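One-letter residues, chain by chain:
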Amino acid sequence: MKTSTFIFLAVFSFISMSHGQTFKSDDINILYEEYVLPNGLRLIVHEDHKAPIVAVNIWYHVGSKNEKEGKSGFAHLFEHLMFNGSENYNDDYFQALERIGATGMNGTTNHDRTNYFQNVPAAGLDQVLFLESDRMGHLLAAIDSAKLDEQRGVVQNEKRQRENQPYGREYELSTENIYPEGHPYSWTVIGSMEDLDAASLGDVQDWFKTYYGPNNAVLVIAGDVNPDEVYEKVKKYFGHIPPGPTLSKPQVWVARRTEDTRFTYEDRVPEARIQQAWNVPEWGDKEAIYLRLASNILSDGKNSRLYKKLQYEEQVASYVNSYVYEKEIGSNFIVVANVKPGESVNEVENKVNGILTTFLHEGPTEEELQRIKLDYFANFIKGLERIGGFGGKSDILAENAVYANDPEFYKKRLDIINAATTEDIKSAANKWLSSGKFTLICNPFPTYSASEEGVDRSKLPELGKIGSVPFPDIQNTTLKNGLEVVLAQRKDVPSVVMNLLINAGYSSDQFGKPGTAALAMNLMKEGTNTLNSLEIDKKLQMLGASISTYSDLDLSYVSMSTLKPTLDESLTLFADIILNPGFPEKEIDRLKEEQINSIKREKASPVQMAVRIFPKFLYGEGHAYSLPLTGSGYEETVSSMTRSDIQKFYNTWIKSDNTTLVVVGDIQLAELEQKLENVFRGWEKGDVPNKNITEVTSTQNKVLYLLDKPESQQSVIIGGHLIEPYGEVSEIALETANNVLGGNFTARINMNLREDKHWSYGARSFIENTKEQRPYLAYTSVQSDKTKESIDEIHKEFKDFINDNPITQNEFEKVKNNTILQLPGRWETNNAVANSINMLVRFELENNYWKTYDQKVKGLTLQEVRELSKKVIKPENFKWVVVGDKAKVLPQFKNSGFEIVLVDPDGNIMSEISQTESAK
């Protein structure tokens, strides 16, 4: 057993690098206790009592690199099989986890490990341990040929869906070309279609017996727990499971390359992309960490070398990035650049190579290195606010225990980063990046033994006591200039989140050109009267802060996340961005071009193609909500925008009494009010226009809008109709109905199209919440030859839900209980609390809405949900949009009763086809 003796997140006075202070890894700690069961299972426990929730994260030390040639995809396929029930719980694991309020639940597979994770109320820990131990020790009898075939189909649809996206072949082509034949990383994690088809039940059973024993796993439990109590529980549930066999594990094989090679391929994309890759040292190696710092210097932030030169100054690239993909036996250094339309691929590649050559020759500057170090530490600290999820505390402990055999190895990484010099970075970069570029792109086995079976596995354990919902108290004040302020004080972590909510949003484009709100808000952080874009970005990195500006349909936002010690300087910058945007012409021209290129990318991505055009057919031409749901507008409207259009938007909407500031974090109201009065004292009130958002009457006509995407392997389907504005119906009843119908993984639509039919990787229904009439939508992406049948199945599910097959008592109780049980973990972070308060402001809800939410849910009845479903859901009013290969889709609709309307990527009607013409 090992106990960390350090204090978690010590005083943050070391934050300011400008004062000559540096980070110390000993000041950043995750307290834990470690145990090893007699059967080899390694248990790590971390206490965090700020919320009555627990993160359960189990890592099996097996990934695609453990596969054999011709057996690719086994690790990922088995990840899926592990969710389909075990010997003593023969049901879908998502069903069980939803019933106890689990959040963030999933499983993932990479080259080196497979993990399963979820956050649950502390009262549900026993049930999760039962389920996790049952599939570790009692799985094989539950896997039959039917389940294997089912999940094989799901994985193959996942592969199709990935490859159907822009640049969908990039990963596979890079993998095949960068590693020699036989290398454990020379095939993709998802595997090949042929290998997946060839997988037999015996193959799958052998894989489980080999790699899924307790001695090949690390279990991390973090949250509202007592370590010794957890150890006893884990012994009870896992102790009887026999250990697996000894394993021969691949050793470090960097596969360093000496020659530069190239590969060229074609895809249906709006922009050319350059990817460069090198094979570099393995996870945790000091030089790999140096190379990670080098990649951050090259592309992290607007002052990074690649971004500043290619995307900001010369504007020849629309996207640049560099990163190190760290893997256990060898990593990759990757550089990516999207070439803007009209620019030369060769010239952009030469510019990328020139920047890299200069970096190798000169190395980084001291200022660059310090900026990146501070940014890395700030992001690491912010991640420690969460107990679960990627980058949360349980994930950090598991990763370091599995790959380094030391849960605290993250400290060594932080020490290496803190001590890194410019010469270290330069030396590592020259050693590994000077050649070998691909352009596109064992110890003695311990004696283990199993204990006697100690758990009654005929039923799930009872839930423990459910914790209360810890939503913070809300305080309100109004500044002298009319700015409304809403504060939720939280002292757990010295950080502060601020969201400025402006009554504008995409719907304000009715007073201007489509895309104005998006462009104007993006421009607000691109320069003030005294600071340019690069200076703003540099200040934010030095403060450990971030600021984002964006819009949705109803509101526009300026949001900031910062640390308490740098709040004053961050708030001054926040106010400067809001009050004094410069809107410089060069930034307008640059962001206009970026927004136009973004529109082109949207019009090449099947899902975004549908999302862009669907609002026009729901709301009709001229309606404020009828513009592309992305808010990006149209190429011609963005092209015609001038500085006066942007200034008009700002002058019209950015008024002190047209905004609300939501603040969450470590600050008192009196202190906050004083700071805000100081920085916003010059902001004036003003009148704003009344938005004209008229009511739309739905019609019962079978219309399908088809957008042709030749050679598409799948069809994207979106169907739906308009429902009442937010708050005019019982939102809890509506959410409950939708979760049963299509809102959850185990909902009817997904179970039908994914699990039963195997036509899709996933299908959902959702409600786009707005202040006026809202779209209620169903979405899926299906294999092309099942387009018509999938629409029929979705329509049938909606129709049956309000007629012959309404929500059942079991469905109602499961979703209702799941909603209640998820609440304790809903507000773990300051951002999560702020987002919920945003809902209070946006829809004018009472301050105690979330504090009493669980009581409202508990009072909900089955009859209320059924009655509301009949009132709101109108399947015959559905309109449909399909993005797919016209040649494959049209014949399916012969004599279907549908009016087929062919449209272009902007939603303009090209032609109409009657049902009898569909097959032509």
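S.K.: Looking at this structure, how should I read the overall build of the chain?
M.R.: Secondary structure summary: the chain contains 31 helices and 25 strands in total. Burial analysis of the chain (920 residues in total) assigns 61% to the buried set. Carbon and sulfur atoms make up 47% of the accessible area of the chain, which totals about 34,700 Å². Between the centroid of the 100 positive side chains of the chain and the centroid of its 130 negative side chains there is a distance of 1 Å.

S.K.: Looking at this model, I keep getting lost on the sheet that holds strand S13 (residues 475–478). Mind explaining?
M.R.: The strands that make up a sheet pair up through hydrogen bonds in the backbone, lying either parallel or antiparallel. Ordered by their spatial adjacency, 6 strands build an open sheet running S13-S14-S18-S15-S17-S16, and the pairing between neighbours is mixed. Edge positions in the sheet fall to S13 and strand S16 (546–551), since each of these pairs with one other strand and no more. Taking the axes of each pair of neighbouring strands and ignoring which way they run, one obtains an average angle of 15° across the sheet. Of the strands in this sheet, S13, strand S14 (484–489), strand S15 (495–502) and strand S18 (659–665) are in contact with helix H23 (residues 669–679), which crosses S13 at around 30°. Contacts from helix H28 (residues 830–842) reach S14, S15, strand S17 (556–563) and S18, with the element oriented near 150° to S18.

S.K.: Help me out: how do you make sense of the packing of helix H9 (residues 286–299) against helix H15 (residues 422–433) in this one?
M.R.: Packed helices, taken two at a time, are described by the angle their axes make and the gap between the axes. For the pair H9 and H15, interaxial distance at closest approach is 9 Å and the crossing angle is 100°. Judged by the angle between their axes, H9 and H15 are roughly perpendicular. Contacts from Glu287, Tyr290, Leu291, Leu293 and Ala294 of H9 reach H15 at Asp424, Ile425, Ala428, Ala429, Lys431, Trp432 and Leu433. Here the residues of the contact of H9 with H15 sort into 9 nonpolar, no polar and 3 charged.

S.K.: Looking at this model, I keep getting lost on the packing of aromatic side chains. Mind explaining?
M.R.: Here a ring pair, both rings aromatic, is described through the centre-centre distance and the interplanar angle of the planes. Inspection of the entire model under this criterion finds 36 aromatic pairs. Plain terms: the ring middles of tryptophan 827 and tryptophan 850 are 5.8 Å apart, the flat faces sit at 65° to each other, and that makes the pair edge-to-face. In this pair, tryptophan 827 is assigned in the loop between helix H27 (809–822) and H28 and tryptophan 850 in the loop between H28 and helix H29 (853–858), connecting sequence segments 23 residues apart. You can call tryptophan 827 buried: its relative accessible area is 1%. According to the relative accessible area criterion, tryptophan 850 is buried, its value standing at 3%. Note on phenylalanine 893 and phenylalanine 898: the rings are 5.5 Å apart at their centroids and 90° apart in plane angle, and the pair reads as edge-to-face. Residue phenylalanine 898 is classed as buried on the basis of its relative accessible area of 5%. Here the basic side chain of lysine 327 rests over the ring of tyrosine 185, its NZ or CZ set 4.4 Å away from the ring centre. A cation over a ring is seen here: arginine 826 above tyrosine 853, with NZ or CZ 5.9 Å from the ring centre.

S.K.: Help me understand the sheet that holds strand S8 (residues 261–262), please; the structure alone is not making it clear to me.
M.R.: Read from one edge to the other, the open sheet built from 5 strands follows the order S8-S12-S9-S11-S10, with strand pairing classed as mixed. Edge positions in the sheet fall to S8 and strand S10 (317–325), since each has one partner strand and no second. Bridging between strand S9 (residues 272–280) and strand S12 (residues 438–439) involves 2 bridges; their strand directions are antiparallel. Each residue of the ladder has a partner; that of glutamine 276, found in S12, is threonine 439. Helix H10 (residues 305–313) contacts S10 and strand S11 (331–339) of the sheet and is inclined by roughly 160° relative to S10.

S.K.: Could you clarify how one ought to interpret helix H11 (residues 345–362) in this entry?
M.R.: Residue pairs spaced three or four apart in an α-helix point in one direction, given the helix's 3.6 residues per turn. Over its 18 residues, H11 extends 26 Å from the first C-alpha to the last, a length consistent with the 26 Å expected when each residue adds 1.5 Å. Taken residue by residue, H11 has Val348, Glu349, Val352, Ile355, Leu356, Phe359 and Leu360 as its buried positions. For H11, the angular spread of buried residues about the axis comes to 135°, placing them on one side. Exposed side of H11, more than 90 degrees from the buried face: Asn346, Asn350, Thr357, His361 and Glu362 are the residues found there. Residue serine 344 occupies the N-cap position of H11, its side-chain oxygen lying 3.3 Å from the main-chain nitrogen of asparagine 346.

S.K.: Got a minute to help me understand the pairing of strand S6 (residues 114–121) in this structure?
M.R.: Walk down a regular strand and you will see the side chains alternate between the two sheet faces. By the criterion of burial, S6 is predominantly enclosed, with 8 of the 8 residues buried. In terms of strand pairing, strand S4 (residues 53–60) meets S6 through 8 bridges, oriented antiparallel. Note that in S6 the partner of tryptophan 59 across the bridge is asparagine 115. Direction of pairing for strand S5 (residues 103–109) relative to S6: antiparallel, over a ladder of 5 bridges. Bridge pairing links threonine 103 to asparagine 119 in S6.

S.K.: Would you explain unusual backbone geometry in this entry?
M.R.: A negative phi angle characterises most non-glycine residues, just as the trans form characterises most peptide bonds. Even without being a glycine, phenylalanine 583 presents a positive backbone phi close to 45°. Tracing the sequence through the fold places phenylalanine 583 in the loop between helix H18 (567–579) and helix H19 (585–602). Taking the relative accessible area as the measure of exposure, phenylalanine 583 reaches 1% and is therefore buried. Located in the positive-phi region is glutamate 844, a residue other than glycine, with phi close to 55°.

S.K.: Just checking my understanding: could you explain the packing of helix H24 (residues 731–743) against helix H30 (residues 862–872) for this structure?
M.R.: Between H24 and H30, the shortest axis-to-axis distance is 9 Å and the interhelical angle comes to 85°. Here H24 is positioned roughly perpendicular relative to H30, judged by the angle of their axes. Facing H24, whose interface residues are Ala733, Leu734, Thr736 and Ala737, H30 presents Val865, Leu868, Ser869 and Val872. For the contact of H24 with H30, the per-class residue count stands at 6 nonpolar, 2 polar and no charged.

S.K.: Help me understand the pattern of salt bridges in this model?
M.R.: Any two side chains of opposite charge can pair, on the condition that their charged atoms come close. Enumeration according to the criterion identifies 52 salt bridges in this entry. For arginine 305, the salt bridge goes to glutamate 368, with nearest N and O atoms at 2.9 Å. With a gap of 63 residues between them, arginine 305 in helix H10 and glutamate 368 in helix H12 (residues 366–383) connect regions that are remote in the sequence. In this pair, the class of arginine 305 matches that of glutamate 368, namely buried. Residue arginine 371 pairs with glutamate 367 through a salt bridge whose shortest N-O separation is 3.9 Å. One end of the pair is arginine 371 and the other is glutamate 367, both in helix H12 and 4 residues apart, which spans about a single turn.

S.K.: Sorry if this is basic, but what is going on with H27 here?
M.R.: For H27, built from 14 residues, the straight-helix expectation of 20 Å at 1.5 Å per residue is met to within 8% by its first-to-last C-alpha distance of 20 Å. Along H27, the positions that sit buried rather than exposed are Phe812, Lys814, Val815, Lys816, Asn818, Thr819, Ile820 and Leu821. The inward-facing, buried residues of H27 abut helix H2 (93–99), S6, H24, H29 and H30.

S.K.: Sorry, what's going on with the environment of glutamine 892 here?
M.R.: Summarising the element assignment, glutamine 892 is placed in the loop between helix H31 (886–889) and strand S24 (899–903). Taking the C-alpha atoms as reference points, glutamine 892 and valine 865, 27 residues apart in sequence, are found 35 Å from one another. In terms of polar contacts, glutamine 892 uses its side chain to reach the backbone amide nitrogen of threonine 787, at 3.1 Å.

S.K.: How should the side chain of asparagine 597 be read in this particular structure?
M.R.: The topology assignment puts asparagine 597 in helix H19. Residue classification places asparagine 597 among the buried positions, given a relative accessible area of 4%. With near-sequence residues (within four places) excluded, asparagine 597 lies in contact with Glu271, Ser318, Lys340 and Pro341.

S.K.: What is the right way to read the environment of serine 304 from this model?
M.R.: Structurally, the position occupied by serine 304 is in the loop between H9 and H10. Taking the relative accessible area as the measure of exposure, serine 304 reaches 0% and is therefore buried. For the pair serine 304 and aspartate 285, spaced 19 residues apart in the sequence, the C-alpha separation amounts to 24 Å. At 2.6 Å, the side chain of serine 304 forms a polar contact with the backbone oxygen of glycine 301.

S.K.: Looking at this structure, how should I read the confidence of the model for the chain?
M.R.: One rule of thumb: low pLDDT means the predicted coordinates there are not for detailed reading. In the predicted model, the chain carries a mean pLDDT of 90, and the fraction of residues at 70 or more is 96%. Per-residue pLDDT stays below 50 along residues 1–21; that stretch engages in 49 contacts with residues further than four places along the chain or on separate chains.

Thresholds, definitions, all that
Residues numbered from 1 in each chain as written. Predicted model: local features only at pLDDT ≥ 70, side-chain atom pairs only at ≥ 80, totals over all residues. Heavy atoms only, no water. Helix = DSSP H or I, 4+ residues; strand = E, 2+ residues; numbered from the N terminus. Buried < 20%, exposed > 50% of the residue type's maximum accessible area, 1.4 Å probe, protein only. Areas by Shrake-Rupley, 256 points an atom, 1.4 Å probe, with all protein chains shown as cover. Lys, Arg positive; Asp, Glu negative; His and termini not counted. Charge placed at Lys NZ, Arg CZ, Asp CG, Glu CD. Pairing = 2+ DSSP bridges. Axes fitted to C-alpha atoms, helices over the stretch in contact; angles between N-to-C directions. Contact = heavy atoms within 4.5 Å. Parallel < 35°, antiparallel > 145°, perpendicular 65-115°, else oblique. Nonpolar A, V, L, I, M, F, W, Y, C, P; charged D, E, K, R; others polar. Phe/Tyr/Trp six-rings, centres within 6.5 Å; stacked < 30°, edge-to-face > 60°. Lys NZ or Arg CZ within 6 Å of the ring centre and 35° of its normal. Expected span 1.5 Å × (residues − 1). Arc of directions from axis to C-beta. Polar contact = N/O pair within 3.5 Å; in protein donor to acceptor, adjacent residues only side chain to side chain. Salt bridge = Lys/Arg side-chain N within 4 Å of Asp/Glu carboxyl O. pLDDT = per-residue confidence, 0-100.

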